[in-house]
Amino acid sequence: PKRVTTRSLQRRRDSGGSISMLTAYDFPTAQLLDQAGIDVLLVGDSLAMVVQGHETTLPVTMDQMIYHAEMVGRAASRAMVVVDLPFPDGQLSIERSICCGARVLKETRCHAVKLEGGAEQASRIEAMVTAGIPVMAHVGLRPQNVFVQGGYQVQRDEAALVKDAVAAERAGAFAVLIECVPESVAEAIHAAVRVPTIGIGAGRATTGQVLVTHDLIGLTSGYTPKFVRTYASIGETIRSAASAFHQAVGDGSFPGPDETFD
Ligand code: KIV
Ligand code: NA
């Protein structure tokens with residue numbers, strides 16, 4: 001299949017098409033999402049929460065991101081794979097961010113990085129793109145800022161958010177991800193840039209939509225944000241399969257005669 005690229009994503013926006021994006025952290029899941037036709041796979045730092053069990057995205061390390069990016073890169077034959085720069089590799093020196101981005105391109109089969117921040121990240125984005133590393137910007141709610149913000153809130157400062165997106169585009173970002181803003185604000189951001197926009201909790205005006213796969217398939221426990229649509233109950237499926245196995249081992253019905261060597 002023909003690989004999704006920065007160019008083909010731009011053509012989607014130009015022709016009024018859409019973009020589907022989901023997170024992926026391991027080989028089998030990434031393969032299934034790729035086969036389903038998902039356009040962009042994101043090795044998100046959300047893996048700190050949904051895979052590692054941390055309370056925020058901050059603990060995951062660059063080495064751990066690379067470990068998961070390798071698996072996803074190996075699985076995706078059509079999707080573009082984007083890898084988050086974890087905290088604080090997207091906030092320290094520009095040189096360090098370029099090194100991290102280069103690791104993604106050299107050590108994994110992934111294609112781009114994502115970086116939280118807009119206007120204040122413009123020079124970093126420009127340097128990375130100049131170095132040959134495609135960058136997706138991430139504006140609006142920035143989970144890596146959770147302790148500065150004192151929690152997760154819908155972001156409503158339209159002027160600042162538009163400025164962030166425009167600065168990221170000018171710096172060379174190939175797309176802008178918009179997290180947790182009112183639909184009208186996402187509409188204004190989308191109208192202000194030419195690159196594709198991809199929303200999460202940002203309404204219907206963006207070019208594309210992204211969700212965390214574990215939320216989508218019902219594999220997360222506890223609080224589910226309003227913008228999530230849950231399409232399957234995989235958590236329930238896993239628990240009942242394990243429970244059936246446990247019971248069968250207990251009552252001696254597993255293994256049966258056909259599941260035994262002569
Ligand atoms: O890490 C992640 O999963 C993300 C998405 C929420 C966009 O950045
Ligand atoms: Na992220």
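Treat the numbers as computed from the prediction; the structure is a model and nothing was measured.

Colleague: Mind laying out the nonpolar core, listing which residues take part and the relevant values?
Modeller: One finds Met21, Leu41, Val43, Val82, Ile125, Met136 and Phe174 to be the most contacted residues of the largest nonpolar core, which totals 71 residues. Setting aside residues no more than four positions away along its own chain, phenylalanine 174 makes contact with Thr6, Leu9, Met80, Val82, Ala112, Pro134, Val135, Met136, Val195 and Pro196.

Colleague: Can you explain the site of ligand 1? Please cite residues and give values.
Modeller: Taken together, the neighbourhood of ligand 1 is formed by Thr23, Leu42, Gly44, Asp45, Ser46, Asp84, Lys114, His138, Leu177, Ile200 and Val212. A distance of 3.1 Å separates an oxygen atom of ligand 1 from a polar atom in the side chain of aspartate 45. In this structure, an oxygen atom belonging to ligand 1 sits 3.1 Å away from a side-chain N or O atom of aspartate 84. Tallied by class, residues from the shell around ligand 1 come to 4 nonpolar, 4 polar and 3 charged.

Colleague: With reference to specific residues and values, describe the sheet that holds strand E8 (residues 208-211).
Modeller: Ordered in space as E1-E2-E3-E4-E5-E6-E7-E8, the 8 strands form a closed barrel in which the pairing is parallel. Each adjacent strand pair in this sheet contributes to an overall mean axis angle of 25 degrees, direction not counted.

Colleague: Talk me through the side chain of threonine 56; I want residue IDs and the actual numbers.
Modeller: Tracing the backbone through its elements, the reader meets threonine 56 in the loop between helix H3 (47-50) and helix H4 (62-75). A residue is classified by how much of its surface remains accessible, and threonine 56, at 11% relative accessible area, is buried. Looking at threonine 56, its side chain comes within polar contact range of the main-chain nitrogen of leucine 58, at 3.2 Å. Excluding residues that lie within four positions of it along the chain, threonine 56 makes contacts with Ala48, Met49, Val146, Phe147 and Tyr152.

Colleague: Describe the coordination of the sodium ion (ligand 2), and please don't skip the residues or the numbers.
Modeller: Coordination of the sodium ion (ligand 2) by the protein involves Asp45 (OD) and Asp84 (OD), with metal-donor separations of 2.3 Å. Here the residue aspartate 45 occupies a position in the loop between strand E2 (40-43) and H3, and aspartate 84 occupies one in strand E3 (residues 80-84), the gap between them amounting to 39 residues. Here the two residues aspartate 45 and aspartate 84 agree in accessibility, since each one is buried.

Colleague: If you had to explain unusual backbone geometry to someone new, which residues and values would you point to?
Modeller: Cis peptide bonds are those with omega within 30 degrees of zero, and the linkage from phenylalanine 87 to proline 88 qualifies with -5 degrees. Along the chain, proline 88 turns up in the loop between E3 and helix H5 (94-107). Of note, the bond from phenylalanine 254 into proline 255 is cis; its omega dihedral lies within 30 degrees of zero at -5 degrees. Within the secondary structure layout, proline 255 lies in the segment after helix H11 (234-251). Phi angles above zero are rare outside glycine, and cysteine 180 is one such case at about 55 degrees. Structurally, cysteine 180 can be placed in the loop between strand E6 (175-179) and helix H9 (183-192). Overall, cysteine 180 belongs to the buried group, its relative accessible area being 11%.

Definitions and cut-offs
- Residues numbered from 1 in each chain as written.
- Chains lettered and ligands numbered in written order.
- Predicted model: local features only at pLDDT ≥ 70, side-chain atom pairs only at ≥ 80, totals over all residues.
- Heavy atoms only, no water.
- Core = buried A, V, L, I, M, F, W, Y, C linked by side-chain atoms within 4.5 Å.
- Buried < 20%, exposed > 50% of the residue type's maximum accessible area, 1.4 Å probe, protein only.
- Contact = heavy atoms within 4.5 Å.
- Near = heavy atom within 4 Å.
- Polar contact = N/O pair within 3.5 Å; in protein donor to acceptor, adjacent residues only side chain to side chain.
- Nonpolar A, V, L, I, M, F, W, Y, C, P; charged D, E, K, R; others polar.
- Pairing = 2+ DSSP bridges.
- Helix = DSSP H or I, 4+ residues; strand = E, 2+ residues; numbered from the N terminus.
- Axes fitted to C-alpha atoms, helices over the stretch in contact; angles between N-to-C directions.
- Donors = N, O, S within 2.8 Å, 3.2 Å for Na, K, Ca; no water.

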